There are 2 protein chains.
Amino acid sequence: MPNFIETYHCRTGTVNPNSYPVSSVDELYKCLEQATEAHDSGALLDIRVRTNFLNELHEQIVARKEDLYNLYERETSLSRSRFETEFERTLNQLRLYRDAASALEQERTESVLTDRIITKKPLPVGPVAVFGASNFPLAYSTLGGDVMGAFAAGCPVIVKGHPFHAGTSLLSSEIIRGTLSKLNLHPGIFGHVLDDGHRIGQALVQDERIKGCGFTGSFEGGMALYRIAQNRKEPIPFFAEMGSLNPVVILPNTENLNSHLHALVDSITTDAGQFCTKPGIIFCPSALIEETIQTMNARFNQAPTQPMLHPTIQQRYEMRLNEIQSTNAGEFYLKIDQEFSVPHGFMHTLNRELNHFETLSHEVFGPFCLLVEYDDIKRLESTLSALKGQLTTTIIGKNPEQSTLFNLACNIAGRVILSGVPTGVAVIPEMHHGGPYPASSDSRFTAVGEASILRFVRYVSVQKSHGT
Amino acid sequence: MPNFIETYHCRTGTVNPNSYPVSSVDELYKCLEQATEAHDSGALLDIRVRTNFLNELHEQIVARKEDLYNLYERETSLSRSRFETEFERTLNQLRLYRDAASALEQERTESVLTDRIITKKPLPVGPVAVFGASNFPLAYSTLGGDVMGAFAAGCPVIVKGHPFHAGTSLLSSEIIRGTLSKLNLHPGIFGHVLDDGHRIGQALVQDERIKGCGFTGSFEGGMALYRIAQNRKEPIPFFAEMGSLNPVVILPNTENLNSHLHALVDSITTDAGQFCTKPGIIFCPSALIEETIQTMNARFNQAPTQPMLHPTIQQRYEMRLNEIQSTNAGEFYLKIDQEFSVPHGFMHTLNRELNHFETLSHEVFGPFCLLVEYDDIKRLESTLSALKGQLTTTIIGKNPEQSTLFNLACNIAGRVILSGVPTGVAVIPEMHHGGPYPASSDSRFTAVGEASILRFVRYVSVQKSHGT
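Just so it is clear, the model here is predicted, and its values are computed rather than measured.

Explanation requested: the overall build of chain A in the structure shown.
Each helix and strand in chain A was counted, giving 14 helices and 17 strands. Computed over C-alpha atoms, the radius of gyration of chain A comes to 23 Å, within 12% of the 23 Å expected from 2.2 N^0.38 for 468 residues, which places it in the range of a compact globule. Restricting to contacts in chain A with at least 6 residues of sequence separation, those with at least 24 account for 74%. By element, 49% of the accessible surface of chain A is carried by carbon and sulfur atoms, the whole surface being about 17100 Å². Taking the average place of the 40 positive charges on the side chains of chain A and the average place of its 51 negative ones, the gap between the two points comes to 6 Å.

Right under this line is the structure:
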């Protein structure tokens, strides 16, 4: 008998009625065998087949929107408007990556040399494993960017569905399989497995038939799988997006401080701060600290506290808050106002405390940030350098691009925001969602934007002699 | 006292007069410290600085051409004409990668959203380690593609010079250092170390200050360093080009068989077959086997045998010939006609023998190939699949692109050649020099052509609010 996965409705603190069986190793191996067959037979090699598949999939997703919403709401407690935004992004990504694949295909040039003609064409790397995020059950999960990027590149995909939204993931899987079946495409193009631990996910990455991997999640989870992938007989491209502190620096010359602080607090409290780009640490000059504390505290107090996505996430958040509180490194400003919600707020501390307590420089996933007072910009620069790779770094103030921090921010982050907030990752060609290690496992690639399909594309040169 | 490295003139079997000290760990750490300083200070960040540096380096290389030739000839025994070809390729690569970096810089687009403007810009990954090839002392060594690609991307480079041409490598280093000094550029932009074993090279890749690596050489060497790089606290992009069998299939419908066979034998004997793209295994239909054996044997007999680059390479070649001979899997056609040269030729064997003797499917670096007789194209296809990743695969015959082997060839190789020979890697935009593992460590990247600089480029998005 398999184990079963239960999901939760966190706004009411109840277990949802349906539960879902954990996949067996045999089921996994069947997916792997079929994915290999699909790849070897070139099932998605023809760009017209790929485009057609993605177009039909788009229609099927739209047709099942309300079914998706029902499971999504039940498994995440997220709002309808958040669902709408994420649903739109899911479709937008599908269309963007479909078009990017066509553009890549059409880029084909040739060099005519005296004795030969050489062209270069993109090919899929092979069957890809995808580990979706807990916090985006649509846009970074089974119907999400990594899956659509791999499909657009022509790769079969096997998804390890996230157990926190197992129902949404299974319905997504059903939609993809239905589309394949309707179009008479090879069923090995898509596989789906569920796991309540690490066994199936590890076996998936360990298997030599998998030729690439996309992961969104924690540093620990991402690196454990990365190490497995790299220590296989044949190592493979493995892109992991592993979260970030997302430092924000307020410069002494900042105008309209209050409106910046309001935007930052809103960015921290929205959907209980469960975003990989949530501002986790705000550096504020001593001269502005009193005003900043008051303004932030008031804004946090205005916002209603929220439930988190899953009891496990909530427990981890509360544990992290305890770890940080136990340092006694500063004063806490926390508030909670509703049942089944978690406290939100910040801790005011000093720049030098960051050196004393390592725990302060690790991500807290949830609606909390550190407010770090600094009095010396040089010392702040060395603090920022020590924080290592980040998804984003934000500089707020007048002429932030001319500050000496700008080059430093570019060195440590995948995206640099000038007088804005880091949440809200636009799906556009210029988006780089990744960054130096440990924000991602490979700073050259992005998880969002057209270039994200390049994680799953290899090239072959084809050389003909004249007259061949 | 350090150990010293000696080099050899293989055409006369003599040790060259100069010897070169092995670098100490302290010297390596000084290079690493300086490279980090150069990177952090943005020494090559400005594209104009980079272009100017590469232009001046070009001039300096041209100015020292005869000095380079004198050492090159002494350390490799290669001909003047081979030197000329390689020297031209070295300069050609430098110019191409310089221009590719400028083009990348100019590609900058922006997306204007309702609340923000986002651009994306290329940045260097950081200090890069380069391990050059023994068989290209200029074009894939200290003045070679990996170094120029990393410079073009804006990265400081530390080269572990190949001990077989230590003098050429040191002179190359002197030319680069002289250029930096003339232009008053940061000396940390280039570092050079020498080693007679693996200690310094391993310490280089192990060091957390290195952020990327380019390697050209053997499978064993490449993978040993790859594993070190991936098991560091911070794993890094590591591109290794590790050689290949380069299968050639002669189709039953081949016309002008003799001229194809002559071209293949010439490709095997030129410079004693010391090319990573040398044809290592030729599949020939039974119907054409007698003619093929006679023609190949005659052509091998016409060509004078050659010395190899280094006594170590020669010993390895002779050891591999012995291993293959000891299988008794077929008849040898070998010839040797000069002192200080190695035998060249082929072994005629049957397709089924490849399954019995694993040693037959490993590269023999030198002027030798297997001639494998096949009678069934389906069985040949499964043999080819089993050979795994290749730098190149060649199909000779009428309409090779329409043969069922074409898709298979694209699946296993980085470059597919139709009715030609695999040697002669053109430095053009369409060149893909890499291929599925184990031909390279990452099938998405190439070691040759403009795209090769992408191995060393990361991106950052810069997001401004309107009015910032």
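Next comes the rest of the write-up.
It is not clear to me how the packing of aromatic side chains should be interpreted in this structure. Could you clarify?
What describes a pair of aromatic rings is the distance from one ring centre to the other and the angle between the planes of the rings. Residues and elements named next belong to chain A. This model, assessed by the stated rule, comprises 27 aromatic pairs over all chains. With 6.1 Å between their ring centres and 45 degrees between their planes, Phe131 and Phe215 make a pair best called tilted. With Phe131 in strand E5 (residues 128–131) and Phe215 in strand E8 (residues 212–216), the pair connects residues that are 84 residues apart, well separated along the chain. Each of the two residues, Phe131 as well as Phe215, counts as buried. A cation over a ring is seen here: Arg80 above Tyr69, with NZ or CZ 4.2 Å from the ring centre. Over the aromatic face of Tyr459 sits the side chain of Lys120, whose NZ or CZ is 5.1 Å from the ring centroid.

Whenever I open this one, the domain arrangement of chain A confuses me. Can you help?
By a frequent convention, interface size equals the accessible area lost on bringing the separate parts together. All names here are of chain A. When cut into domains, chain A gives domain 1 (4–242 + 442–465) and domain 2 (247–418). Measuring from the centre of the C-alpha atoms in domain 1 to the corresponding centre in domain 2 gives 32 Å. With 16 residues of domain 1 in contact, the opposing surface of domain 2 contributes 16 residues. Summed over both partners, the interface of domain 1 with domain 2 buries about 1400 Å², with 64% contributed by carbon and sulfur atoms. Here domain 1 and domain 2 share 1 salt bridge between them.

Teacher, can you tell me more about the interface of chain B and chain A here?
Listed by partner, the interface residues are 67 residues for chain B and 67 residues for chain A. Summed over both sides, the interface of chain B with chain A buries roughly 5300 Å², with 48% coming from carbon and sulfur. Our count for the contact surface shared by chain B and chain A stands at 2 salt bridges. A salt bridge links B:Lys464 to A:Glu401; its shortest N-O distance comes to 2.9 Å. Applying the counting rule to chain B against chain A returns 43 residue pairs in polar contact (both at pLDDT 80 or more).

Please clarify how the sheet that holds strand E7 (residues 190–194) of chain A should be interpreted in this entry.
Paired through their backbone hydrogen bonds, the strands of a sheet run either parallel or antiparallel. Residue and element names in this part refer to chain A. In spatial order, the strands read E7-E6-E5-E8-E9; together these 5 strands make up an open sheet with parallel pairing. Both edges of this open sheet fall to E7 and strand E9 (238–241), since each of them pairs with a single strand only. When strand polarity is set aside, the average angle formed by the axes of neighbouring strands in this sheet is 15 degrees. Its contacts with the sheet place helix H5 (residues 145–153) against E5, strand E6 (157–161), E7 and E8, and it is angled at close to 170 degrees to E6.

Even after reading the chapter, I still don't get the nonpolar core, so can you show me in this structure?
Nonpolar side chains in soluble globular proteins tend to end up buried together. A:Leu57, A:Phe151, A:Phe283, B:Leu57, B:Phe151 and B:Phe283 are the most contacted members of the largest nonpolar core, which totals 214 residues. The residues contacting A:Phe151, other than those within four sequence positions of it, are A:Leu44, A:Arg50, A:Phe53, A:Leu54, A:Leu57, A:Val157, A:Ile176, A:Ile189 and A:Phe190.

I keep staring at the environment of A:Ser461 and nothing clicks. Help me out?
When you line up the elements, A:Ser461 lands in strand E17 (residues 457–465). Sequence separation of A:Ser461 and A:Glu110 is 351 residues, and the distance between their C-alpha atoms is 9.8 Å. For A:Ser461, the residues in contact, after removing those within four places along its chain, are A:Ile118, A:Thr119, A:Lys120, B:Gly414, B:Arg415, B:Val416, B:Glu430, B:Met431 and B:His432.

Could you clarify how one ought to interpret unusual backbone geometry in this entry?
Excluding glycine, residues mostly have negative phi values, and the peptide bonds linking residues are mostly trans. Residues and elements named next belong to chain A. A cis geometry characterises the amide bond from Tyr437 onward to Pro438, with omega recorded as 10 degrees. Here Pro438 shows up in the loop between strand E16 (413–418) and E17. Within the chain, Asn256 stands out as a residue other than glycine whose phi angle is a positive 50 degrees. Note on placement: Asn256 falls in the loop between strand E10 (247–250) and helix H9 (257–269).

Help me out: how do you make sense of the relation of the copies chain B and chain A in this one?
Both copies of the chain are placed relative to one another by a rotation about an axis and a shift along it. Taken as rigid bodies, chain B and chain A are interconverted by a rotation of 180 degrees and an axial shift of 0.0 Å, the fit giving an RMSD of 0.0 Å. One copy is carried onto the other by what is essentially a two-fold rotation axis. By C-alpha distance to the rotation axis, the residue of chain B lying nearest is B:Gln230, at 3.3 Å. Interface overlap between copies is the fraction of interface residues in one copy that are interface residues in the other; for chain B against chain A it reaches 100%, indicating a shared surface.

When you look at empty space enclosed by the protein in this model, what are you seeing that I'm missing?
Think of a ball as big as a water molecule: rolled over the atoms, this probe shows where empty space is left. Applying the stated rule across the entire model yields 7 cavities of 30 Å³ or more. Every residue lining the largest cavity is counted, 24 residues in all, and those nearest its centre are A:Asp442, A:Arg444, B:Pro237, B:Asp442 and B:Arg444. For the lining of the largest cavity, the elements supplying multiple residues, two or more each, are helix H8 (219–230) and E9 of chain A together with strand E8 (212–216), helix H8 (219–230) and strand E9 (238–241) of chain B. Here the lining of the largest cavity is built from residues that sort into 14 nonpolar, 5 polar and 5 charged.

What is the right way to read the pairing of E6(A) from this model?
For a regular strand, the rule is simple: side chains alternate between the two faces of the sheet. Residue and element names in this part refer to chain A. Of all the 5 residues making up E6, 5 are buried; the element is thus mostly covered by neighbouring parts of the structure. Pairing geometry for E5 and E6, over 4 bridges, is parallel. By the bridge assignment, Phe131 is partnered in E6 with Lys160. Crossover connection from E5 via H5 to parallel E6: handedness right-handed. Sheet topology places E6 next to E7; 5 bridges connect them, and they run parallel. Looking at the pairing, Gly161 lines up with Leu194 of E7. Handedness of the crossover joining E6 and E7 through helix H6 (residues 166–182) is recorded here as right-handed.

Before we go on, may I ask you to explain the packing of helix H3 (residues 65–76) of chain B against helix H4 (residues 80–106) of chain B in this structure?
Residues and elements named next belong to chain B. It is the contact of H3 with H4, at a shortest axis distance of 11 Å, that shows an interaxial angle of 130 degrees. On the basis of their axis angle, the class for H3 and H4 is oblique. As H3 packs across H4, the resulting crossing turns out to be right-handed. For the pair H3 and H4, the contacting residues are Lys65, Glu66, Leu68, Tyr69 and Tyr72 in the first and Arg80, Arg82, Phe83, Glu84, Glu86 and Phe87 in the second.

Mind showing me how you'd approach helix H13 (residues 377–386) of chain A here?
Because the α-helix completes a turn every 3.6 residues, residues three or four places apart line up on one side. Residues and elements named next belong to chain A. Those residues of H13 that fall on the buried side of the exposure criterion are Leu380, Glu381, Thr383 and Leu384. The arc that holds every buried residue of H13, seen down its axis, measures 160 degrees, which confines them to one face. With respect to the buried face of H13, the exposed residues turned more than 90 degrees away are Lys378, Arg379 and Ala386. Buried residues in H13 make contact with E10, strand E11 (281–285), helix H12 (353–356), strand E14 (368–374) and helix H14 (405–412). A side-chain oxygen of the first residue of H13 lies 3.0 Å from the backbone nitrogen of Lys378; this N-cap is Asp376. Positive backbone phi, approximately 65 degrees, marks Lys388, located one or two places after H13.

Just checking my understanding: could you explain the confidence of the model for chain A for this structure?
The predicted coordinates should not be examined in detail at positions where pLDDT is low. Mean pLDDT for chain A: 96, with 100% of residues reaching 70 or above. Predicted as a complex, the structure gets a pTM of 0.97 and an ipTM equal to 0.95.

Explain the sheet that holds strand E16 (residues 413–418) of chain B here, please?
Spatially, E3(A)-E4(A)-E17(A)-E16(B)-E15(B)-E10(B)-E11(B)-E14(B)-E13(B)-E12(B) is the arrangement adopted by the 10 strands of the open sheet, whose pairing is mixed. Where the open sheet ends on each side, the last strands, each with one partner, are strand E3 (110–112) of chain A together with strand E12 (330–335) of chain B. Direction aside, the axes of adjacent strands within the sheet are offset by 20 degrees on average. Set on the sheet, helix H10 (residues 289–302) of chain B makes contact with strand E11 (281–285), E12, strand E13 (344–350) and strand E14 (368–374) of chain B; between it and E13(B) the angle comes to about 165 degrees.

Any chance you could explain the side chain of B:Ser267 here in plain terms?
Residue and element names in this part refer to chain B. Along the chain, the position of Ser267 falls in helix H9 (residues 257–269). According to the relative accessible area criterion, Ser267 is buried, its value standing at 5%. Not counting residues up to four positions away in its chain, the partners in contact with Ser267 are Lys278, Pro279, Val421 and Thr423.

It is not clear to me how the pairing of strand E15 (residues 390–396) of chain A should be interpreted in this structure. Could you clarify?
All names here are of chain A. Judged by how many residues are buried, E15 sits mostly within the fold: 7 of 7 residues are covered. Pairing between E15 and E16: 5 bridges, direction parallel. If you follow Thr394 over to E16, its bridge partner there is Ile417. Read from E15 through H14 to E16, the crossover connection turns out right-handed.

Reading guide: rules and limits
- Residues numbered from 1 in each chain as written.
- Chains lettered and ligands numbered in written order.
- Predicted model: local features only at pLDDT ≥ 70, side-chain atom pairs only at ≥ 80, totals over all residues.
- Heavy atoms only, no water.
- Helix = DSSP H or I, 4+ residues; strand = E, 2+ residues; numbered from the N terminus.
- Rg over C-alpha atoms; globule rule 2.2 N^0.38 Å.
- Contact = heavy atoms within 4.5 Å.
- Areas by Shrake-Rupley, 256 points an atom, 1.4 Å probe, with all protein chains shown as cover.
- Lys, Arg positive; Asp, Glu negative; His and termini not counted.
- Charge placed at Lys NZ, Arg CZ, Asp CG, Glu CD.
- Phe/Tyr/Trp six-rings, centres within 6.5 Å; stacked < 30°, edge-to-face > 60°.
- Buried < 20%, exposed > 50% of the residue type's maximum accessible area, 1.4 Å probe, protein only.
- Lys NZ or Arg CZ within 6 Å of the ring centre and 35° of its normal.
- Domains from an automatic or database assignment.
- Buried area = accessible area lost by both parts, 1.4 Å probe.
- Salt bridge = Lys/Arg side-chain N within 4 Å of Asp/Glu carboxyl O.
- Polar contact = N/O pair within 3.5 Å; in protein donor to acceptor, adjacent residues only side chain to side chain.
- Pairing = 2+ DSSP bridges.
- Axes fitted to C-alpha atoms, helices over the stretch in contact; angles between N-to-C directions.
- Core = buried A, V, L, I, M, F, W, Y, C linked by side-chain atoms within 4.5 Å.
- Least-squares fit on C-alpha atoms with pLDDT ≥ 70 in both.
- 1 Å grid on protein atoms, 1.4 Å probe; cavity = no way out; pocket = protein on both sides within 12 Å on 5 of 7 lines; lining within 4 Å.
- Points joined across faces, edges and corners; volume = space filled by probe spheres on them.
- Nonpolar A, V, L, I, M, F, W, Y, C, P; charged D, E, K, R; others polar.
- Right-handed = clockwise from strand over helix to strand, strands pointing away.
- Parallel < 35°, antiparallel > 145°, perpendicular 65-115°, else oblique.
- Left-handed = near helix turned anticlockwise from the far one by under 90°.
- Arc of directions from axis to C-beta.
- pLDDT = per-residue confidence, 0-100.

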